[in-house]
Amino acid sequence: MKKLFKILAFIIFTLLLISFFLYAFGYGYIFKAVKTTYLTGHKTAFIDDYPYFDNHTIEKSKSIQQWSLKEDYNQVKATSKLDSLNDELETAAFLIIKNDSIWFEKYYYGYDAKSKTNSFSMAKSVVTALMYKAIQDGYLENIDQPVSHFFPQFNSRLSLGDLASMSSGLNWNENYYNPFASTARAYFDENIREQVLELEVVKKPGEEFKYLSGNTQLLGMVIEKATGKTLSEYLSKSFWKPLGMNDDGLWQLDSEKSGMEKAYCCISSNARNFAKFGKLFINYGEWNKKQLIDSSFIAQASNPRFKETPYYGYGFWLSDYRNKDIFYMRGVLGQYVIMIPEDDLVIVRLGRKLIRPENDNKHYKDFYMYIDEAYKMLENAS
């Protein structure tokens, strides 16, 4: 009994010592990470995690604009390969928007048309759109405006466009599974502004692409400061209400006290709402005969900035798969809003898993598969 007591005391002492050092060196957020993930049966962030965080509401308009359904809505069934893929990767929602209407729509694993799930990094495309909107509204000058106009501690060469095109040269550690990396701290810590303002420009900005979530977070902080509005308020006014979203969205915060949205991720909404962003962007900023955002902004965002990295523009991933010009929003667990202007086609997929890229391909394997199966279904309809 005495030996057992000593072992127990040693374990408690060790845990207390570890806790002391984690808090002392600024890693106290790891306890929240463990509580939110492992103690809920997950290994990392998950699509239904918004109740575990503080959120700002993205208010909808009183006038909801419902999607129209095509005459042959859901008359063509999902291919067996698509259903198998969606089952394997635990898809929540899969939509195909053709022209101005929903052509195909299916939900899995108990999710439905109103289910909110986490956008993850699809939010980066939304924040980039907010940047362009803020330029259009006169809050920002242009994409070449220095970040130092808002946060003087940063290198004067660092521009808003460098943040949006992932070429900032910031010393952000982009690692989703290392609990001590920048992204883990940003996700679970309670003062993301403090973290971002500790960053330094360690490479010349505007020279090369390097995907860093800290870029979008800093861009979000610039937009917040320039507009005098929270990102949720500005998103509501600029897009959520004009697009007639079917319900309020949620944007995760670092904490209620700090009140800063996780700009690089974490807008929680449903597939039909996310699809409206796809339709807005594929229409080059036009919605119901109103130009919500200038078409030149969308054209710039959907083209590569650097010849060496043709797979990324300003806030959007780019592909020429099937010899088509494709740009898309992407989240870390296979969240997609895929836009193919040539065929007036938007594909939306939300879910829990994805297939990692092969041979350093910048596009995930399931991205190609979703496109292929969507086209097979369209061919079956003709």
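Residues numbered from 1 in each chain as written. Predicted model: local features only at pLDDT ≥ 70, side-chain atom pairs only at ≥ 80, totals over all residues. Heavy atoms only, no water.

(A) Summary view of the state of the cysteines. Enumeration over the complete set of coordinates arrives at one disulfide. The disulfide partner of C265 is C266, and the gap between their sulfur atoms is 2.0 Å. What sets the handedness of the C265 and C266 disulfide is the S-S torsion sign, and at about -75° it is left-handed. Taken as a pair, C265 and C266 share a single burial class, namely buried. (Disulfide = S-S within 2.5 Å. Buried < 20%, exposed > 50% of the residue type's maximum accessible area, 1.4 Å probe, protein only.)

(B) Focus on the sheet that holds strand β10 (residues 317-319). Spatial strand order, β2-β4-β3-β13-β12-β11-β10: seven strands in an open sheet with mixed pairing. Of all the strands in the sheet, just β2 (68-69) and β10 have a single pairing partner and so form its edges. One ladder, built from five bridges, connects strand β12 (residues 335-340) with strand β13 (residues 345-351); its direction is antiparallel. Across the sheet, M339 pairs through a bridge with V346, a residue of β13. Across the face of the sheet, helix α4 (residues 122-136) comes into contact with β11 (326-331), β12 and β13 while running at roughly 120° to β11. Taken strand by strand, helix α10 (residues 271-282) contacts β2, β3 (91-98), β4 (101-107), β11, β12 and β13, and its axis lies near 150° from that of β13. (Pairing = 2+ DSSP bridges. Helix = DSSP H or I, 4+ residues; strand = E, 2+ residues; numbered from the N terminus. Contact = heavy atoms within 4.5 Å. Axes fitted to C-alpha atoms, helices over the stretch in contact; angles between N-to-C directions.)

(C) The arrangement of the sheet that holds strand β6 (residues 249-252) in detail. Ordered in space as β1-β6-β7-β5, the four strands form an open sheet in which the pairing is antiparallel. Two strands lie at the open edges of the sheet, namely β1 (55-58) and β5 (117-118), each paired on one side alone. Bridge count for β5 against strand β7 (residues 267-269) is two bridges, and the pairing is antiparallel. Residue pairing in the sheet places T117 in a bridge with S269 of β7.

(D) Local environment of the pattern of salt bridges. Applying the stated criterion across every chain, the model contains 16 salt bridges. In this structure, E198 engages R185 in a salt bridge whose closest nitrogen and oxygen atoms are separated by 3.2 Å. In this pair, E198 is assigned in the loop between α7 (192-197) and α8 (213-227) and R185 in helix α6 (residues 182-188), connecting sequence segments 13 residues apart. For R185, a relative accessible area of 17% translates into the label buried. Between E379 and R322 there is a salt bridge, with the nearest N and O atoms lying 4.0 Å from each other. Of this pair, E379 sits in helix α12 (residues 365-381) while R322 sits in the loop between β10 and β11, and the two are 57 residues apart along the sequence. Judged by relative accessible area, which is 47%, E379 ranks as partly exposed. (Salt bridge = Lys/Arg side-chain N within 4 Å of Asp/Glu carboxyl O.)

(E) Structural detail: the confidence of the model for the protein chain. On average, residues of the protein chain score 92 in pLDDT, and 92% of them are at 70 or above. Within the model, the stretch residues 13-25 combines pLDDT values under 50 with eight contacts to residues more than four positions away or in other chains. (pLDDT = per-residue confidence, 0-100.)

(F) Molecular detail of the packing of helix α9 (residues 231-240) against α10. Contact geometry for α9 and α10: axes closest at 13 Å, N-to-C directions at 60°. Judged by the angle between their axes, α9 and α10 are oblique. Note on element contacts: α10 touches α9 through N273, F277 and L280, opposite L235, F239 and W240. Across the contact of α9 with α10, the residue classes tally to five nonpolar, one polar and no charged. (Parallel < 35°, antiparallel > 145°, perpendicular 65-115°, else oblique. Nonpolar A, V, L, I, M, F, W, Y, C, P; charged D, E, K, R; others polar.)

(G) Broad picture of unusual backbone geometry. Unlike most non-glycine residues, E90 shows phi in positive territory, near 55°. By the element assignment, E90 lies in the loop between α3 (80-88) and β3. Positive phi outside glycine occurs at N323, with the angle close to 60°. Summarising the element assignment, N323 is placed in the loop between β10 and β11.

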